[in-house]
Amino acid sequence: MSLKKIAIVGAGVTGVTTAILLRLSGYNVQVFSREYPIIDHKNPFFASSFPAASILPHSVQSPISKKLFLSSILFYHPLFEHNFPGIHRQIHYEVFSEAPKSNPSYLPWLTGYTELPVNGRFFIPHLPDNPLSRAWKSSMFFVDWPFYWKALLNTFNALEIPLAIETIDLSQIDSRFPASEYSLAILASGSGFEEKHNNPLSLLKGHLIEISNGPTLRNPDGELFSYNYTPPTKVYSTLNGKAQDIYSYNRSGSMILGGSRIAGHLIEGKWIGDDLLMPCDPIESSLEWPYSAIFERNKILIEHSTNATIDASQIKSQLLGYRYLGPNSSLCFKVDFSRDLPHIHAYGLGGAGVTLSWGLANEILTKTNKLLGTPQNRSVYHVSPSIQSDSSIDKAKKMASCLAKLITV
Ligand SMILES: Cc1cc2nc3c(=O)[nH]c(=O)nc-3n(C[C@H](O)[C@H](O)[C@H](O)COP(=O)(O)OP(=O)(O)OC[C@H]3O[C@@H](n4cnc5c(N)ncnc54)[C@H](O)[C@@H]3O)c2cc1C
C-alpha cells in the first residue's frame, strides 16, 4: 500500500462521507476546505447547509444516478438499523395536479412504490379546489439534517481525519499536492472547481422555510408521512412555465417547508435565468415573496389534509441555497490521469448530494482501490473493519456497524 496521503478538497457531504469511507478502508486521507463544515445559512454556495433532506434522486442528471442511488441505499439501510442519528424511514407521497409528461427514472427504484388512484377513495395530501391527476407513495429514507450532519462530523472526528481550513487554488493542484507526498487528489469541491475556471455556474435556486415545533404529519392510518405536491402551473410555476412543487418534511422538533427549483446561471454574481411567477391574486401575508407562497400553500395543504395546523409565528428561518448541477448541468464523476497525480472529480450533485453521498463515496473507493491498490495494513484504525474484500452488501453492513460503534465513542 502507498503510504502517501490522499488529498480531499471539500468538506461538504461528498467530501466528508468519502473521507470516512476511505479512512475506514485503511487509506491515509487529509481534507481541505475553505470553510468549516458547519451549517452556514449565510453562504448559499455551501450546499451542504441546505438539504431538506429526502433520500430521493431529485434534481440531478447523470447516467450513473441509478447505480449511485441503489448503492447509497445499501448504506442508509444498515445505518438506519444501527440507529445512526437522524435517519428515518417514512411514507412519502408524490402528488400532481398536472401529471408529469414522463415518469421520473427513479420510480421503479423506490421501495414499496404504489400508484394511488385519484378517485377520492385514497388519502392523498393536496391543495383543495385543484384537480388531481397522478399520485404515488413509497417508503423512503429521510435525513434529519442537523442531527445527521453532526453525527457524520462526530464520526469524522472520531476517526481523527485531519482537516485543514485552507482555500486551495484549484488551478495549482499539482504544486499544492506534489506527487512525492500525495498519491491522489479528490475534488469534492462543490461549485468551487467550475467557479475557478470562470464558467457560468449552472444552478437550481431553492427556497426553504424552517418551522419550530412543527406538527407531526400523520395519514389516516396513523403513519408519519411527508409529501411533494405539484399544483397546476397557474397556481405555482416559473416564468418559463416550469411547474414547481411544494413539500414538507418533519424533523425532530421542527419542520421544513419547501420549496422551489429555479434553473439559471450566475454570471459575475448576477442571476441569469428563470424565476418564480407571481400569481395574479397576490397572497396576503406578512412574509416576503416567494416565502409567502411557500408558507401559505403548505399551510393550506396541511390543514386541509390533516388535523395539524401551522402558524407564521412558528417560522424560525427563511433560507435560500443553490443546488449546483455541474458542468453542462450534469453530475461530474471522472478520473483525470493527465497529471503527475491522478485527480478524481466528484461534484455537481444538484438536489441529491445527500441521497447519493454513500454511493458516490463507494464508487470513489472502488476507483481508489484500482489506482492505488487495496490497503493491507488496517491495524492502525480503531475499528479494523476489513470492509474491502466483501460484497457491497457486506461492506455496507460492516461499515454501518463500525460507524454505529464510533458514534457512541
Ligand atoms: C434548497 C436545497 C434543498 C436540498 N434538498 C436536498 C434533499 O432533499 N436531498 C438531497 O439529497 N440533497 C438535497 N440538496 C442538495 C445537497 O445539499 C447538495 O447536493 C450537497 O450538499 C452537495 O454537497 P457537496 O459536498 O458536493 O458540495 P458542497 O456542500 O457545496 O461542499 C463543497 C465543499 O468544497 C469546498 N471548496 C470549494 N472550493 C474550494 C477550494 N478552492 N478550496 C478548498 N475548499 C473548497 C467548500 O468549502 C465545501 O466544503 C438540497 C440543496 C438545496 C440548496
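Here the structure is shown first, and the text comes after it.
I will try to describe carefully the structure that is included in this document. Only a predicted model underlies this, so the values are computations on that prediction, with no experimental measurement involved.

Let's shift gears to the side chain of Gln314. Position of Gln314 among the secondary structure elements: in the loop between helix 6 (291-305) and strand 14 (315-324). In this structure Gln314 comes out as buried when scored by relative accessible area, which is 19%. Once you skip the residues sitting within four places of it in the chain, Gln314 turns out to touch Glu210, Ile211, Ser212, Asn213, Gly214 and Thr309.

Time to look at the site of the ligand. Close to the ligand lie 39 residues; Thr14, Glu35, Ser48, Ile168 and Thr355 are nearest. Contact distances for the ligand include 3.2 Å between an oxygen atom and a backbone N or O atom of Val13. Between Gly351 and the ligand, the recorded distance is 3.1 Å, taken from a backbone N or O atom to a nitrogen atom. When residues of the shell around the ligand are traced back to their parent elements, those giving at least two are helix 1 (13-24), strand 2 (29-33), strand 8 (201-212), strand 14 and helix 7 (353-372). A class-by-class count of the residues in the shell around the ligand yields 19 nonpolar, 16 polar and four charged.

Another aspect to go through is the environment of Thr238. For Thr238, the location among the structural elements is in the loop between strand 9 (225-230) and strand 10 (246-251). According to the relative accessible area criterion, Thr238 is buried, its value standing at 1%. Placed 23 residues apart in sequence, Thr238 and Arg261 show a C-alpha to C-alpha distance of 9.1 Å. Side-chain polar atoms of Thr238 contact the side chain of Asp274, separated by 2.6 Å.

Moving on, we come to the environment of Glu223. Looking at where Glu223 falls in the secondary structure, it is placed in the loop between strand 8 and strand 9. Between the C-alpha atoms of Glu223 and Tyr106, which are 117 residues apart in sequence, the distance is 23 Å. Excluding residues that lie within four positions of it along the chain, Glu223 makes contacts with Ile91, Leu217 and Arg218. Among the polar contacts made by the side chain of Glu223, one reaches the side chain of Asn219 at a distance of 2.7 Å.

Under the defined criterion, the tally for this structure stands at 13 salt bridges. When the shortest N-O distance is used, the salt bridge between Lys42 and Asp40 registers 3.9 Å. Note on Lys42: relative accessible area 76%, which makes it exposed. Here Arg339 makes a salt bridge to Asp174, at a shortest N to O gap of 3.2 Å.

Sheet architecture is open: six strands sit in the order 6-2-1-7-16-15, paired in mixed fashion. Lying at the two open borders of the sheet, with one neighbouring strand each, are strand 6 (163-165) and strand 15 (332-336). Ignoring strand direction, the axes of neighbouring strands in this sheet form an average angle of 20°. In the sheet, strand 15 pairs with strand 16 (residues 343-347) via five bridges, with the strands oriented antiparallel. Opposite Lys334, over in strand 16, you have His345 as the bridge partner.

Attention shifts here to the packing of aromatic side chains. In total, this model carries 19 aromatic pairs according to the counting rule given. Taken together, a centroid distance of 5.1 Å and an interplanar angle of 50° make the contact between Phe45 and Tyr322 tilted. Taken together, the positions of Phe45 in the loop between strand 2 and helix 2 (65-81) and Tyr322 in strand 14 put the pair 277 residues apart, joining distant regions of the chain. Assessed through its relative accessible area of 31%, Phe45 is described here as partly exposed. Across from the ring centre of Phe141, 4.4 Å away, lies the NZ or CZ of Arg89, which sits over that ring. Between Lys205 and the ring centre of Trp271, over which it is positioned, the NZ or CZ distance is 4.4 Å.

What counts as what
- Residues numbered from 1 in each chain as written.
- Predicted model: local features only at pLDDT ≥ 70, side-chain atom pairs only at ≥ 80, totals over all residues.
- Heavy atoms only, no water.
- Helix = DSSP H or I, 4+ residues; strand = E, 2+ residues; numbered from the N terminus.
- Buried < 20%, exposed > 50% of the residue type's maximum accessible area, 1.4 Å probe, protein only.
- Contact = heavy atoms within 4.5 Å.
- Near = heavy atom within 4 Å.
- Polar contact = N/O pair within 3.5 Å; in protein donor to acceptor, adjacent residues only side chain to side chain.
- Nonpolar A, V, L, I, M, F, W, Y, C, P; charged D, E, K, R; others polar.
- Salt bridge = Lys/Arg side-chain N within 4 Å of Asp/Glu carboxyl O.
- Pairing = 2+ DSSP bridges.
- Axes fitted to C-alpha atoms, helices over the stretch in contact; angles between N-to-C directions.
- Phe/Tyr/Trp six-rings, centres within 6.5 Å; stacked < 30°, edge-to-face > 60°.
- Lys NZ or Arg CZ within 6 Å of the ring centre and 35° of its normal.

All quantities given are derived from atomic positions and should not be read as evidence of function.
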